[in-house]
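Structural description and commentary
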Amino acid sequence: MENRKGRYGNHGGQYIPEILMPAILELEEAYEHYKNDAEFNRGLEELFNDYAGRPSRLYYAAHMTEKLGGAKIYLKREDLNHTGSHKINNVLGQCLLAKKMGKTRIIAETGAGQHGVAAATAAALMGMECEVYMGEEDTKRQALNVYRMRLLGAQVHAVTTGTGTLKDAVSEAMQEWTKRIGDTHYLLGSVVGPHPFPMMVRDFQAVISREIKQQMLEKEGRLPDAVIACVGGGSNAMGAFYHFIEDKQVRLIGCEAAGRGIHTAETAATFSTGRVGIFHGMKSYFCQDEYGQIAPVYSISAGLDYPGVGPEHSQLFDDGRAEYVAVTDDEAVDAFEYLSRTEGIIPAIESAHAVAYVMKEAPSMSKDSIVVVNISGRGDKDCAAIARYRGEKIYE
Ligand SMILES: *Cc1c(COP(=O)(O)O)cnc(C)c1O
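Now for a quick tour of the structure. (Residues numbered from 1 in each chain as written. Predicted model: local features only at pLDDT ≥ 70, side-chain atom pairs only at ≥ 80, totals over all residues. Heavy atoms only, no water.)

With that settled, consider the overall build of the protein. Scanning the protein from terminus to terminus reveals 16 helices and 14 strands. Whereas a compact globule of 396 residues would reach a radius of gyration of roughly 21 Å, the protein reaches 19 Å, a difference of no more than 12%. Counting only C-alpha atoms and orienting by the principal axes, one finds that the protein spans roughly 55 × 50 × 40 Å. In the protein, buried positions account for 59% of the 396 residues. Considering only contacts in the protein between residues 6 or more positions apart, those separated by 24 or more positions represent 73%. Element-wise, carbon and sulfur atoms account for 49% of the exposed surface of the protein, whose accessible area totals about 15,800 Å². The positive charge centre, built from 42 side chains, and the negative charge centre, built from 53, are 2 Å apart in the protein. (Helix = DSSP H or I, 4+ residues; strand = E, 2+ residues; numbered from the N terminus. Rg over C-alpha atoms; globule rule 2.2 N^0.38 Å. Buried < 20%, exposed > 50% of the residue type's maximum accessible area, 1.4 Å probe, protein only. Contact = heavy atoms within 4.5 Å. Areas by Shrake-Rupley, 256 points an atom, 1.4 Å probe, with all protein chains shown as cover. Lys, Arg positive; Asp, Glu negative; His and termini not counted. Charge placed at Lys NZ, Arg CZ, Asp CG, Glu CD.)

In structure tokens, the structure reads:
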């Protein structure tokens, strides 16, 4: 949790160019005001329930539990939300706030396009202009999401700097924000960036752990022994962990993307391979080369393909409160297929990283123990890529 303003232990802060300071301060003040505003919170709850379809279900995975033969496994079904993932929680929160602030235009970065589509959705709902920055490489790999964003009324800009991927899109969107802060809100997609983003995005996603806690008490009359979630920037994990941080008996386990393995260059496992640095406005752990430059990262999962992690995770890691494990492409693809066959639920390849860890650990856990896996999104978007991974040809 943050202590000094926007600091999480040694991490966080506001490492931004001076020109962005007024926009960040305006946002900080507005959020400090509205987060305790009854009307704002009522409005957000209404959107969560009636538009996004919350609360999402907590499903007892009986078949998986029986087959693995150890811990009792529950799945938190964020995949059932409108637009198919937890990302809707954050975009509804930030768009509602931006609207209250009198902003008429949203800009956002996107990697594979999941956050861009969610942002375009919320902007369409609230009658706001929306422009999305996406690495040129990603616009080619994810042409269908580019079409979706345009269909929703957004303008998509291909970013050609750097490696033409997510980190470049974030840099470009921040740059763009400095040019037009009067009417524009930057809708950042994870618990990263300068304060107040990591706190604000975590608060919007914390609905996940609030619901898990209540649903678990109703179903089992006690808290789970572990909560497990995949970690890209870390927003679905932060949301799933938050209300359990003070419950020290609940293990918090984040699954990062090992890609082809943490001993190869093709990895995105920040805690396993990175060190502390400053990038995108925050101090946190980052994958870096020997000169401290941000390293190119790789994962089969575009949503986990980010070279850093949110500052609150870095604090939970330093404090030993949360554990972080690395899961490879191969393990995630196996889990993607396993959950589909076993429970009839096709998980996002991001979420499959968390499922993979449970498949490894649950058999050796006692039958009295209970674990919750956050299924951050649905896997329809990944089917063609996984088919290709298995050597099948699919025409989209
Ligand atoms: C974007 C995304 C992620 C990764 O982002 P976090 O901020 O780490 O949650 C994970 N799962 C899904 C389905 C996503 O779309």
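Glancing now at the environment of Ala326. Summarising the element assignment, Ala326 is placed in strand β13 (residues 322-328). Counting along the chain gives 292 residues from Ala326 to Tyr34, while the straight-line C-alpha distance between them is 37 Å. Setting aside anything within four residues of it in sequence, one finds Ala326 in contact with Glu256, Ala258, Ile262, Ala269, Ser272 and Glu331.

Residues in close proximity to the ligand total 16 residues, the closest being Lys87, Ser190, Gly232, Gly234 and Ser235. Taking Lys87, its side chain carries an N or O atom lying 2.6 Å from an oxygen atom of the ligand. The contact in question runs from an oxygen atom of the ligand to an N or O atom on the backbone of Gly232, over 2.7 Å. For the ligand, whose unbound accessible area comes to 380 Å², protein coverage reaches 96%. Counted by class, the shell around the ligand contains three nonpolar, eleven polar and two charged residues. (Near = heavy atom within 4 Å. Polar contact = N/O pair within 3.5 Å; in protein donor to acceptor, adjacent residues only side chain to side chain. Nonpolar A, V, L, I, M, F, W, Y, C, P; charged D, E, K, R; others polar.)

One way to put it is that helix α2 (residues 38-51) packs onto helix α4 (residues 87-100) with a least axis distance of 10 Å and a crossing angle of 140°. As summarised for this structure, α2 and α4 are arranged oblique, according to the angle between their axes. Here α2 and α4 pass one another in a crossing that is right-handed. Contact residues: Glu39, Phe40, Gly43, Leu44, Leu47, Phe48 and Tyr51 in α2; Ile88, Asn89, Leu92, Gly93, Leu96, Leu97 and Lys100 in α4. For the contact of α2 with α4, the residue count by class is nine nonpolar, three polar and two charged. (Axes fitted to C-alpha atoms, helices over the stretch in contact; angles between N-to-C directions. Parallel < 35°, antiparallel > 145°, perpendicular 65-115°, else oblique. Left-handed = near helix turned anticlockwise from the far one by under 90°.)

Moving on, we get to the sheet that holds strand β7 (residues 155-159). Ordered in space as β7-β6-β5-β8, the four strands form an open sheet in which the pairing is parallel. In this open sheet, the two edge strands, each paired with only one partner strand, are β7 and β8 (184-186). Strand-to-strand, the axes of this sheet are offset by a mean angle of 20°, without reference to chain direction. Pairing geometry for strand β6 (residues 129-135) and β7, over five bridges, is parallel. Across the sheet, Val132 pairs through a bridge with Val156, a residue of β7. Each of β5 (105-110), β6, β7 and β8 is contacted by helix α8 (residues 166-179), which is oriented at about 160° to β5, the strand it contacts most. (Pairing = 2+ DSSP bridges.)

With that settled, consider helix α13 (residues 311-318). Judged by how many residues are buried, α13 sits mostly within the fold: six of eight residues are covered. Looking only at α13, the buried set comprises Pro311, Glu312, His313, Ser314, Gln315 and Leu316. In the segment just after α13, Gly320 is the residue with positive phi, at about 75°.

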